[in-house]
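Letter by letter, the chains look like this.
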Amino acid sequence: MTVPSNGFCLDHLSLVNLDALTVIEAAASAGFTAVSLFVTPIPISPTPDLLADKAARRAVASALRDTGLRAGIIEPFMLDAEPDWDLLESSADLTAELGGTVNILGLDPDHARLRESLARMVEICRRAAVPAIIEPYPLSSIRSPSQALEIAHSLGAEVGLCIDTLHVIRSGGSWDDVACLPADRIRHVQFNDGPIEPPHDRVNEAVFDRLLPGDGEFGLRALLPLLPHHATIAVEAPSRALAEGNPHERAVRLMEAMKALYAPE
């Protein structure tokens, strides 16, 4: 395999303890061609509220233009039991402004209500003229790629999927599950690695303690031929062991891992 023609994307969770502007600068300096961002505050990231802080919003938009980076997925879009629809609508408009993609996590345990929320979120994305994708996550209410695909089919042909290598493995799946997906539905792929045997604290693993691609037991190279050329190929590998140090150096390590993964054997 060779490096994708559209390069690699650095997903914000990889550098979750840094703000959006610093992540953009680090990604550009390390040779990434796209960057995914948190744009509203979450407990684990210092990113400013780009909806409320107009100066920070202008700075991020300017940094994307100046570096030439594309926006990848924009987060968070978490559909729990009581979504803040005004916030989600404003976030979708911001995603369109930045040229990114809305990445949806389904967290409501009431599946009927979640279906209604998903339909409403997709309609918001249509009005904002922004792409929408669903990310299956085994600790959420949409646990597997097949379940996410069934929901995407019900919502419309334009709704895609975000495939995360950790989530595929931790759902009890394999790359065969990815091979069964229609290629046109796979829009964003997040690479990371880990042991086959899951740790006791799977939330901690997902948020803070993944391995760099190629450093674990997932057999990531077997996945590469299954991915469509149009998909954004990203690295999402947060690690406490790599959380210290210069942002540029951290981004370079992530880039080197992705290049090694795609290097000819």
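Residues numbered from 1 in each chain as written. Predicted model: local features only at pLDDT ≥ 70, side-chain atom pairs only at ≥ 80, totals over all residues. Heavy atoms only, no water.

1. Here we look at the overall build of the protein chain
Phase 1: Helix and strand content of the protein chain: nine helices and eight strands.
Phase 2: Principal axes of the C-alpha set define a box for the protein chain whose edges measure 45 × 45 × 35 Å.
Phase 3: In the protein chain, buried positions account for 54% of the 265 residues.
Phase 4: Taking the intrachain contacts of the protein chain between residues at least 6 apart in sequence as the baseline, contacts between residues at least 24 apart amount to 77%.
Phase 5: On the protein chain, roughly 11,300 Å² of surface is accessible, and the fraction owed to carbon and sulfur atoms is 53%. (Helix = DSSP H or I, 4+ residues; strand = E, 2+ residues; numbered from the N terminus. Buried < 20%, exposed > 50% of the residue type's maximum accessible area, 1.4 Å probe, protein only. Contact = heavy atoms within 4.5 Å. Areas by Shrake-Rupley, 256 points an atom, 1.4 Å probe, with all protein chains shown as cover.)

2. Concerning the sheet that holds strand 5 (residues 132-134)
Phase 1: Sheet architecture is closed into a barrel: eight strands sit in the order 1-2-3-4-5-6-7-8, paired in parallel fashion. For this sheet, the mean angle separating the axes of adjacent strands, direction not counted, is 30°.
Phase 2: Pairing of strand 4 (residues 101-106) with strand 5 involves three bridges; the strand directions are parallel. Note on strand 5: the bridge partner recorded for Ile104 is Ile134.
Phase 3: Where helix 3 (residues 85-98) meets the sheet, its contacts fall on strand 3 (70-79) and strand 4, and the angle it forms with strand 3 comes to roughly 175°. (Pairing = 2+ DSSP bridges. Axes fitted to C-alpha atoms, helices over the stretch in contact; angles between N-to-C directions.)

3. Quick notes on helix 9 (residues 247-262)
Phase 1: Between its first and last C-alpha atoms helix 9 spans 23 Å; for 16 residues at 1.5 Å apiece the expected length is 22 Å, and the two agree.
Phase 2: Buried positions along helix 9 lie against strand 1 (8-11), helix 1 (20-30), strand 7 (186-191) and strand 8 (232-235).
Phase 3: The residue sitting at the N-terminus of helix 9 and contributing the capping side-chain oxygen is Asn246; that oxygen lies 2.7 Å from the backbone nitrogen of His248. (Expected span 1.5 Å × (residues − 1). Polar contact = N/O pair within 3.5 Å; in protein donor to acceptor, adjacent residues only side chain to side chain.)

4. Observations concerning unusual backbone geometry
Phase 1: Here Glu75 and Pro76 are connected by a cis peptide whose omega angle stands at 0°.
Phase 2: As for its placement among the helices and strands, Pro76 is situated in strand 3.
Phase 3: Although it is not a glycine, Ala129 adopts a positive phi angle of roughly 60°.
Phase 4: Tracing the sequence through the fold places Ala129 in the loop between helix 4 (111-128) and strand 5.
Phase 5: For Ala129, a relative accessible area of 66% puts it in the exposed group.

5. Quick word on the packing of helix 2 (residues 54-67) against helix 3
Phase 1: Following both chains from N to C, one finds helix 2 and helix 3 inclined at 30°, their axes separated by 11 Å at the closest point. The angle between helix 2 and helix 3 falls in the class roughly parallel. Across the interface between the two elements, Arg57, Val60, Ala61 and Leu64 of helix 2 pack against Leu94, Glu97 and Leu98 of helix 3.
Phase 2: Residues that form the contact of helix 2 with helix 3 fall into these classes: five nonpolar, no polar and two charged. (Parallel < 35°, antiparallel > 145°, perpendicular 65-115°, else oblique. Nonpolar A, V, L, I, M, F, W, Y, C, P; charged D, E, K, R; others polar.)

6. A few points about the environment of Pro48
Phase 1: The topology assignment puts Pro48 in the loop between strand 2 (34-38) and helix 2.
Phase 2: When residues no more than four places from it in sequence are discounted, the contact partners of Pro48 are Asp19, Val39, Thr40, Asp53 and Ala56.

7. Some points on the pairing of strand 6 (residues 160-164)
Phase 1: Along strand 6, five of the five residues are buried, which leaves the element largely enclosed by surrounding structure.
Phase 2: Pairing analysis gives two bridges linking strand 5 to strand 6, with the strands arranged parallel. Across the sheet, the residue bridging to Ile134 is Leu161, located in strand 6.
Phase 3: Taken together, strand 5, helix 5 (residues 145-155) and strand 6 constitute a β-α-β crossover, and its handedness is right-handed.
Phase 4: Here strand 6 pairs with strand 7 via four bridges, running parallel. Directly across from Cys162, in strand 7, lies its bridge partner His188. (Right-handed = clockwise from strand over helix to strand, strands pointing away.)

8. Here's the deal with the packing of helix 1 against helix 9
Phase 1: Between helix 1 and helix 9, whose axes approach to 8 Å, the crossing angle comes to 55°. The angle between helix 1 and helix 9 falls in the class oblique. Judged by the twist between their axes, the crossing of helix 1 over helix 9 is right-handed. Contact residues: Thr22, Ala26, Ala27, Ser29 and Ala30 in helix 1; Pro247, His248, Ala251, Val252 and Met255 in helix 9.
Phase 2: Of the residues assigned to the contact of helix 1 with helix 9, the class counts are seven nonpolar, three polar and no charged. (Left-handed = near helix turned anticlockwise from the far one by under 90°.)

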